[in-house]
Amino acid sequence: MALFLMVTHGSDGDVLPFVGLGAALVRAGHRAVLLTHAPYRSAATRAGLGFAAIDGEAEFESVLADTPGLLGSAPHKAGWAGFYRRNSLFEQIAAECRTLAELHAPGGTVLVGRHTSAVSVRFAAELLRAPVAWVALAPTQLLAVPVAAYLYGAELAAGLQEVRDGLGLPEVPDWRAWFTGADVELGLWPGWFDAAGPRAPARVSLTGFPLADTSARALGARPTASADAPAAPAADPSADLLEAPPADPFDGLFPVGTRPVLATGGTGRMLAADYYPALLAAAGRTGLPTLLVVRHRDLLPDALPENVRWSPGLDFARAVPHAAAVVHHGGIGTLARALAAGTPQVLMADGVDRPDNAARLSRLGLARTVPADRWRTPELAAAIDAAAADRDLPLRAAAVTGPQRPGEALDAAAARLAALLTDPPRPRAPRDLSPADRARLRARLRERRAAGAPVPEEAR
């Protein structure tokens, strides 16, 4: 039985795939601990994972509220260093590294992190000499490596080196090479989606969309597991463990039998300021019954169109197959869920990975895409009307995607991660250090010994 220590940051689309991946690892007989934001404790423990919070709920909401200013900015103007300093994110990285070191079991641990975000797993892997894996959730997380290398090597370099100094690690001479230096890189999307745009590098293993259901109904009630306690067995994500789903998932919101349009901007706040105003104006113009799912009500105006209902959350796995269409921001989780259900979708994609996701589906004829510079009411309303009337999408989608079985992709990803211990990568030669690096490293190791902190065996 191996131990997998997983780190991810963000909102549902960034965290729930790691919950599903951890559940797949537990089903395979391993232990998995998830380090992420406090609000995801219950989802992790229901899935049978150990959990370690990297922040508190208030801190998490504060960071989310600060993210919209980063959207769409050029790297040199984005203010990333200020964002990290304001939100104590360098300290958070250091704390993640300490937690990983405390939980690490020599010889039986794999570190797993969200690509280009969870740098703590790479720092800890250098310190502990443990195998490490990057998991990319969308193609642009691979395509953005040059941009990430710039940000980490320039704007964030001082703060990151403070963290590395505290661990006794030398400077990173080439951040671009560092970002591509994990033992394994996984991409959680299928080959047909990859082929519809810039291809993933050959080093990346593609496993498919993570379609496992991470809702309370699918996972079932689980006892809380601490970060260092054995986790309860995880549920089969394709099974219904509690009551059967309601025949009408929109009961109480619309008349029985209504197939509404589902509209959402995801569970985060990184959206263009005019996203919801444009969406609501178009929804009102269509007159179609519409359910707007938005966790943060303050993002919406007080008055909604007469045909629009609001909900702070929804079991999308159950509801999407019963919707007439899905209108969303282009997040890959929502995109994959709608495709699997054969539900037409309209993508209002803007910023980060979303335009690339939208372009891939649009090239394949599997979605209608309206970019931000065309968010005018007539065009958006026409796209929504056309999607809601599209009866041929399920056949077109099935011809491209083939059968998609819940949990299959995550089981494949879990097997690839487990192979790091049964068939470990060839050890890398240690990096040549300059005399200044060696002096700094010796000083930091002395400090760690004096403080009782763990020191890797190779450094003793």
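Residues numbered from 1 in each chain as written. Predicted model: local features only at pLDDT ≥ 70, side-chain atom pairs only at ≥ 80, totals over all residues. Heavy atoms only, no water.

Quick word on the overall build of the protein chain
- The number of helices and strands found in the protein chain is 20 helices and 13 strands.
- When contacts within the protein chain are restricted to residue pairs at least 6 apart in sequence, those whose partners lie at least 24 apart make up 65%.
- For the protein chain, the exposed area adds up to about 19200 Å²; of that, 54% sits on carbon and sulfur atoms. (Helix = DSSP H or I, 4+ residues; strand = E, 2+ residues; numbered from the N terminus. Contact = heavy atoms within 4.5 Å. Areas by Shrake-Rupley, 256 points an atom, 1.4 Å probe, with all protein chains shown as cover.)

Thoughts on the side chain of T290
- Its location among the elements puts T290 in strand β9 (residues 290-293).
- Those residues in contact with T290 that sit more than four places away from it in its chain are F254, P260, V261, A263, A283, N307, V308 and R309.

Regarding the environment of F193
- Note on placement: F193 falls in helix α11 (residues 191-194).
- Owing to a relative accessible area of 0%, F193 belongs among the buried residues under this scheme.
- The sequence separation of F193 and N357 amounts to 164 residues, and the corresponding C-alpha distance is 8.7 Å.
- Filtering out sequence-adjacent residues up to four positions away, F193 remains in contact with P139, F209, I332, L335, N357, R360 and L361. (Buried < 20%, exposed > 50% of the residue type's maximum accessible area, 1.4 Å probe, protein only.)

Describing the sheet that holds β9
- A sheet is described by the order of its strands in space; here 6 strands give the open sequence β10-β9-β8-β11-β12-β13, paired in parallel fashion. Of all strands in the sheet, those bounded by a partner on one side alone are β10 (308-311) and β13 (368-369).
- The strands touched by helix α15 (residues 332-341) within the sheet are β11 (325-328) and β12 (345-347), with β12 carrying the most contacts at an inclination of about 160°. (Pairing = 2+ DSSP bridges. Axes fitted to C-alpha atoms, helices over the stretch in contact; angles between N-to-C directions.)

A few points about the pairing of strand β3 (residues 50-53)
- With 4 bridges connecting them, strand β2 (residues 31-36) and β3 associate as parallel partners. Opposite T36, over in β3, you have A53 as the bridge partner.
- Each parallel crossover has a hand, and for β2 linked through helix α2 (residues 41-46) to β3 it is right-handed. (Right-handed = clockwise from strand over helix to strand, strands pointing away.)

Looking at the confidence of the model for the protein chain
- On average, residues of the protein chain score 85 in pLDDT, and 83% of them are at 70 or above.
- Counting interchain partners and residues more than four positions distant, the pLDDT-below-50 stretch residues 215-244 has 79 contacts.
- The model gives residues 455-460 a pLDDT under 50, and that stretch makes 9 contacts with residues more than four places away or in other chains. (pLDDT = per-residue confidence, 0-100.)

Let's talk about the sheet that holds strand β5 (residues 132-136)
- Across the sheet, which stays open at both edges, the 7 strands sit in the order β3-β2-β1-β4-β5-β6-β7 with parallel pairing between neighbours. Edge positions in the sheet fall to β3 and β7 (204-206), since each of these pairs with one other strand and no more. The mean inter-strand angle of the sheet, taken between neighbouring strand axes irrespective of direction, is 25°.
- In this sheet, strand β4 (residues 109-114) lies alongside strand β1 (residues 3-7) in parallel orientation, the contact comprising 5 bridges. Within the sheet, the bridge partner assigned to L5 lies in β4 and is L111.
- Each of β1, β4 and β5 touches helix α6 (residues 119-128); the most contacted strand, β5, lies at about 165° to it.

Digging into unusual backbone geometry
- One non-glycine residue with positive phi stands out, namely T116, at about 65°.
- The topology assignment puts T116 in the loop between β4 and α6.
- By relative accessible area, which is 12% here, T116 ends up buried.
- The residue R129 is not glycine, and still its phi comes out positive at about 55°.
- Considering the arrangement of structural elements, one finds R129 in the loop between α6 and β5.
- On the basis of relative accessibility, which here comes to 52%, the residue R129 falls in the exposed class.

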